Every structure is written in structure tokens, then in C-alpha cells.
Amino acid sequence: MKPQIAPFGDGTIVLRPVEERDLGTILDWRNRDDARIWFKTSARLKFDQHLEWYKSYFERHDDLFFLVEAGGQPVGQCAIYNIDQNAGSAEVGRFLVAPEMAGKGYISGSCAQIVRFGTQFLKLSYLYLEVMEQNTRAIRLYTSNGFVEETRSSGLIRMGLNRDRAS
């Protein structure tokens, strides 16, 4: 069962847990050709596949998926998952912006908020992510939020952030 997480943000954006009613919107964003190429599983998903994923996601206690809103409207998504309280670590990712909202800083803001959530609310000491090495825009975003490259393998870069580097 998922923990109850109150919406949080920075005054411009609010992150709130994804709900079933959001699935159509986030599936449309994810299935865009210019977005899905950056996912490890880049095939188009059907709604029933997405719904099955959501149902299994909802049973995991170590995975928190957020809808990003600005002015009450959905503008993106992000997540923190593989949360391991014993190790003090978690992975962040699933960053995606609504196509009409690209370039407005919403994903940069959501990255900063998910880092703050992980390090301050969850009290994790280490966050990490994987990004395709060709995704230079995302790499710049992650670097600007304190992540540093740790390793490269099979076209993926693993980046990490220790709590002392979190803003």
C-alpha cells in the first residue's frame, strides 16, 4: 500500500501522487515519438498495459510516482523509486513534460523538488538515475541539480547525488 503523501512544491509547481484518472494524460505524453525514445522500453504502450503497470505500481511501497502541476494543470511527471531506507538510497526518473509545456522550467523544477523530497522528507543520503548518453539535454538538467556522472555502460550513464550536494 502506498504511503499518503501530501502535495508539495515550490510555489510554481506542485507534485502530487499520480492517480488512476491521470493515466490517459501521462500515457499520451509517454507514447509521443519524441519522448518514448528516451525510455529503456521505448515501444508504444496500450492503455490496458499502462493500467496493469499502474495496478502493480500501486502495490509497491518503494515507488512514488508524481504528476507535476502548474496553476492546477498537469505539466509533467516524475518519480522516486527503488527506495531503500536501509541503504539510504533511491532512484529518480520518469521525468516527462507535457509537449506544450516544454522549455518552461517545469521539469527542472520537478527534479529539484524530487531531490528535496528524497533527501529532506525521506532522509535519503544518496539518489541516482540512469540516462541515455545521447540525451544531452537531460544530462545538463541533472548536472544542474547536483548529479555527477559515476559510470557508463551499454549507452547509459549512471549519475549520483549525495545529500551533501543536494540544494
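Residues numbered from 1 in each chain as written. Predicted model: local features only at pLDDT ≥ 70, side-chain atom pairs only at ≥ 80, totals over all residues. Heavy atoms only, no water.

Q: What should I look at first to understand the pattern of salt bridges in this one?
A: A side chain with one charge can pair with a side chain of the opposite charge if their charged atoms come near. Tallying each qualifying case throughout the model produces 12 salt bridges. The residue Arg44 makes a salt bridge to Asp33 at a minimum N-O spacing of 2.9 Å. A residue pair is termed long-range when its members are at least 10 positions apart, and Arg44 in the loop between helix H2 (33-36) and helix H3 (47-59) and Asp33 in helix H2 qualify at 11 residues. Given a relative accessible area of 44%, Asp33 falls into the partly exposed group. Of the charged contacts, one joins Glu149 and Arg152 as a salt bridge, the two residues approaching to 2.7 Å between their closest N and O atoms. According to the relative accessible area criterion, Glu149 is partly exposed, its value standing at 43%. Ionic contacts of the salt-bridge type, sharing partners, join the residues Arg16, Glu19, Arg21, Asp22 and Glu69 into one network. (Salt bridge = Lys/Arg side-chain N within 4 Å of Asp/Glu carboxyl O. Helix = DSSP H or I, 4+ residues; strand = E, 2+ residues; numbered from the N terminus. Buried < 20%, exposed > 50% of the residue type's maximum accessible area, 1.4 Å probe, protein only.)

Q: What is the right way to read the packing of helix H1 (residues 23-30) against H3 from this model?
A: When two helices pack together, their arrangement is given by the angle between the helix axes and by the axis-to-axis distance. Orientation of H1 relative to H3, taken along the N-to-C sense of each, is 115°, at an axis distance of 10 Å. For the element pair H1 and H3, the recorded crossing hand is right-handed. Taking contact as the criterion, the partners of Leu23, Gly24, Ile26 and Leu27 in H1 are, on H3, Phe47, His50, Leu51 and Tyr54. For the contact of H1 with H3, the residue count by class is 6 nonpolar, 2 polar and no charged. (Axes fitted to C-alpha atoms, helices over the stretch in contact; angles between N-to-C directions. Left-handed = near helix turned anticlockwise from the far one by under 90°. Contact = heavy atoms within 4.5 Å. Nonpolar A, V, L, I, M, F, W, Y, C, P; charged D, E, K, R; others polar.)

Q: Would you explain the sheet that holds strand S6 (residues 126-132) in this entry?
A: In sheet architecture, strand pairing relies on hydrogen bonds along the backbone and comes in two forms, parallel and antiparallel. Sheet architecture is open: 8 strands sit in the order S1-S2-S3-S4-S5-S6-S8-S7, paired in mixed fashion. Edge positions in the open sheet fall to strand S1 (8-9) and strand S7 (148-153), since each of these has one partner strand only. Across the sheet, helix H4 (residues 106-121) is in contact with S1, strand S2 (14-17), strand S3 (63-70), strand S4 (73-84), strand S5 (89-97), S6 and strand S8 (156-162); its angle to S4 comes to roughly 30°. The sheet strands contacting helix H5 (residues 136-144) are S5, S6 and S8, and the helix crosses S6 at an angle near 165°. (Pairing = 2+ DSSP bridges.)

Q: Whenever I open this one, the nonpolar core confuses me. Can you help?
A: Nonpolar side chains in soluble globular proteins generally cluster together in the buried interior. In this structure, Phe66, Ile80, Tyr142 and Phe147 are the most contacted members of the largest nonpolar core, which totals 51 residues. Those residues in contact with Phe66 that sit more than four places away from it in its chain are Ile5, Phe8, Leu15, Arg16, Pro17, Val18, Gly76, Gln77, Cys78, Ile80, Ile114 and Phe117. (Core = buried A, V, L, I, M, F, W, Y, C linked by side-chain atoms within 4.5 Å.)

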